[in-house]
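# An overview of the molecular structure
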Amino acid sequence: MAMIEIRNLTFAYEGSYDNVFENVSFRLDTDWKLGFTGRNGRGKTTFLRLLMGELDSGGAIFSPVPFDYFPFPVHHPEELALEVVHYHSPAAEDWEILREASLLHVDAEALYRPFCTLSNGEQTKLLLAGLFLKEGNFLLIDEPTNHLDLEGRETVAAYLQKKKGFILVSHDRAFLDGCIDHVLSINKADIVVRRGNFSAWLEDKEQQDRLELAKNERLKGEIKRLEVSSRRTAAWSEKVEKSKIGAADKGYVGHMAAKMMKRSMVTQARKEKAIEEKSGLLKNLELEEALKIHPLEHPSLRLAEFHNASASWNGKAVSEPVSFTIERGDRIALTGRNGCGKSSLLKLLIPDAAVERVPYMGEVHTVGNLKISYVPQDPSFLKGTLAEFEESRKIDVPLFRAILRKMDFSRVQFEKDMASYSAGQKKKVLLAASLSESAHLYIWDEPLNYVDILSRIQLEELLGTYKPTLLLVEHDRHFVETIATKTVHVEKAGG
């Protein structure tokens with residue numbers, strides 16, 4: 001057992017007014033399995049880069065072991081997958097690589113194919129295997145689940161559960177609970193360590209938030225009473241001052257009024273100081289404020305129908321044929337392994353102008369005058385200012401920005417180029433744009449990729465409250481189990 005120590009860590013990006021971290025101190029055991037959580041844009045990846053020595057900071061980081069980072073770059077993806085793993089872990093024997101691949105449910109034959117021909121899920125698993133084959137390192141694993149389907153997440157969670165010595169950034173609650181024993185959480189410019197799984201941390205946080213909220217409500221009540229009392233004191237002082245006019249003994253009245261005025265001013269100053277102090281106690285909590293949307297209700301009960309439908313590629317079906325209907329109020333999740341054509345099925349409902357036309361087999365029908373709101377899987381195309389984005393989408397600006405604020409966007413983010421946003425912040429822009437649109441049917445393609453857990457909770461509550469008609473692809477098991485009224489399983493053609 002050895003300890004990693006962080007002392008008085010302070011960091012801010014050049015040109016920024018706010019510190020990402022400020023005087024952060026804690027210790028980590030190199031045997032711990034840590035889940036790292038916090039709002040998007042709060043500095044999770046920045047902290048990992050600080051550990052890797054890629055950024056300069058105030059304070060100090062002491063580690064008895066070297067750090068290693070996932071995902072690491074693959075400089076020659078055209079080489080065999082086995083050679084890619086060897087390049088990162090040169091001391092590993094072939095049989096060790098085969099063993100780790102087997103534990104991750106990667107077929108042995110995949111190791112003898114060019115790395116670039118593997119699926120994203122297979123690539124992710126082999127990169128993780130390469131990390132764990134280098135013994136003695138403390139691993140920094142940054143969002144490995146974004147390219148894993150549900151089955152893949154369960155496999156990797158079981159794999160990580162048997163390992164030790166890592167920090168894992170993930171926003172999937174079930175995945176975290178399956179493989180960690182400690183939680184690192186970012187709250188504002190601080191990082192806190194807690195023993196236990198993620199669900200226990202979340203339950204404790206919700207309880208603390210409720211206590212803080214109750215405390216804040218009491219403080220607000222006290223501040224309001226002080227403000228009323230202060231206004232009364234000021235009004236009384238003014239009344240006393242006016243009483244001197246026309247008095248018989250102006251000297252005596254003036255003397256007494258001056259004493260009372262002085263006492264009044266001292267009292268008022270004391271109350272104003274109390275107001276200021278109590279206002280300073282109000283916590284800027286990361287409470288999951290409720291979101292609001294305005295879904296439309298189509299006059300038809302049945303909005304869309306798939307009959308023996310499958311997207312096709314070069315005249316061949318991508319998936320086995322599926323048949324299902326979307327009725328008003330349905331929240332349908334398409335499930336299945338990576339590469340089985342789920343996203344392509346979604347696109348069959350999207351107007352041609354919004355996405356590239358997807359060839360398909362079978363029949364797909366929609367009712368007339370159906371208004372659809374679509375969130376694509378990949379947000380990387382976003383650039384330019386939010387104002388330009390709002391103009392191009394004809395968005396309800398006040399609602400759009402209110403949703404972003406509730407999903408923890410600071411106002412300073414509104415002025416930045418979206419190209420500088422984190423992947424999670426970009427995904428929130430697309431989700432907020434969809435939520436600010438009134439639609440009959442919402443179609444979301446992996447909406448939670450990169451999105452923090454607190455925002456996921458907000459979305460769950462919103463969908464449960466407003467019950468919009470929704471068709472989505474998502475691999476977060478907890479989210480799907482919470483919000484879906486139906487699931488449609490999609491099998492890869494020939495699988």
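A brief report on the enclosed structure follows.

Conventions used here
Residues numbered from 1 in each chain as written. Predicted model: local features only at pLDDT ≥ 70, side-chain atom pairs only at ≥ 80, totals over all residues. Heavy atoms only, no water. Helix = DSSP H or I, 4+ residues; strand = E, 2+ residues; numbered from the N terminus. Buried < 20%, exposed > 50% of the residue type's maximum accessible area, 1.4 Å probe, protein only. Contact = heavy atoms within 4.5 Å. Areas by Shrake-Rupley, 256 points an atom, 1.4 Å probe, with all protein chains shown as cover. Pairing = 2+ DSSP bridges. Axes fitted to C-alpha atoms, helices over the stretch in contact; angles between N-to-C directions. Phe/Tyr/Trp six-rings, centres within 6.5 Å; stacked < 30°, edge-to-face > 60°. Lys NZ or Arg CZ within 6 Å of the ring centre and 35° of its normal.

### Some thoughts on the overall build of the protein chain
Within the protein chain, the regular secondary structure consists of 14 helices and 18 strands. In the protein chain, which comprises 495 residues, the share counted as buried stands at 47%. A sequence separation of at least 24 residues applies to 72% of the contacts in the protein chain between residues at least 6 apart. Counting every atom, the protein chain has about 24,700 Å² of accessible surface; 51% of that belongs to carbon and sulfur.

### Notes on the sheet that holds strand β13 (residues 331-335)
Ordered by their spatial adjacency, five strands build an open sheet running β15-β16-β17-β13-β18, and the pairing between neighbours is parallel. Either end of the sheet is taken by a strand with one partner, and the two such strands are β15 (372-375) and β18 (486-489). The mean angle between the axes of side-by-side strands here comes to 15°, regardless of whether they run parallel or antiparallel.

### Some remarks on the sheet that holds strand β3 (residues 33-37)
Spatial ordering of the open sheet is given by β5-β6-β7-β3-β8-β9, a layout of six strands whose pairing is mixed. What marks the edges here is a single partner per strand, and that holds for β5 (67-70) and β9 (190-195). When strand polarity is set aside, the average angle formed by the axes of neighbouring strands in this sheet is 20°. Strand direction decides the pairing type here: strand β6 (residues 138-142) and strand β7 (residues 166-169), joined by four bridges, are parallel. Bridge pairing in β7 links L139 to F166. Strands in contact with helix α1 (residues 44-51) are β3, β5, β6, β7, β8 (182-187) and β9; relative to β7, the strand with the most contacts, it is inclined by about 155°.

### Looking at the environment of L349
Take L349: it is sitting in the loop between α9 (342-347) and β14 (360-366). C-alpha of L349 to C-alpha of E305: the two residues are 44 residues apart in sequence and 9.7 Å apart in space. Setting aside residues up to four positions removed in sequence, L349 forms contacts with A304, F306, I326, V364, T366, I372, L441, I443 and L471.

### Describing the packing of aromatic side chains
To describe a pair of aromatic rings, you give the distance between the ring centres and the angle between the ring planes. This structure, assessed with the given rule, holds eleven aromatic pairs. Look at F198 and W201: their rings are 5.1 Å apart centre to centre, the planes differ by 35°, and that puts the pair in the tilted class. Of this pair, F198 and W201 both sit in helix α7 (residues 198-243), three residues apart, which is roughly one turn of the helix. Taken individually, F198 and W201 each receive the classification buried, so the pair is uniform in this respect. Between the aromatic rings of F409 and Y421, the centroid separation amounts to 5.5 Å while the plane-to-plane angle is 80°, which identifies the pairing as edge-to-face. Of this pair, F409 sits in the loop between α11 (397-406) and α12 (423-435) while Y421 sits in the loop between α11 and α12; the two residues are twelve residues apart in sequence, bridging distant segments of the chain. Both residues of the pair, F409 and Y421, count as buried. A connected cluster of aromatic rings, assembled from ring pairs, spans F21, F26, F36 and F47. The cationic tip of R401 hangs over the ring face of F414; the distance from NZ or CZ to the ring centre is 4.9 Å.

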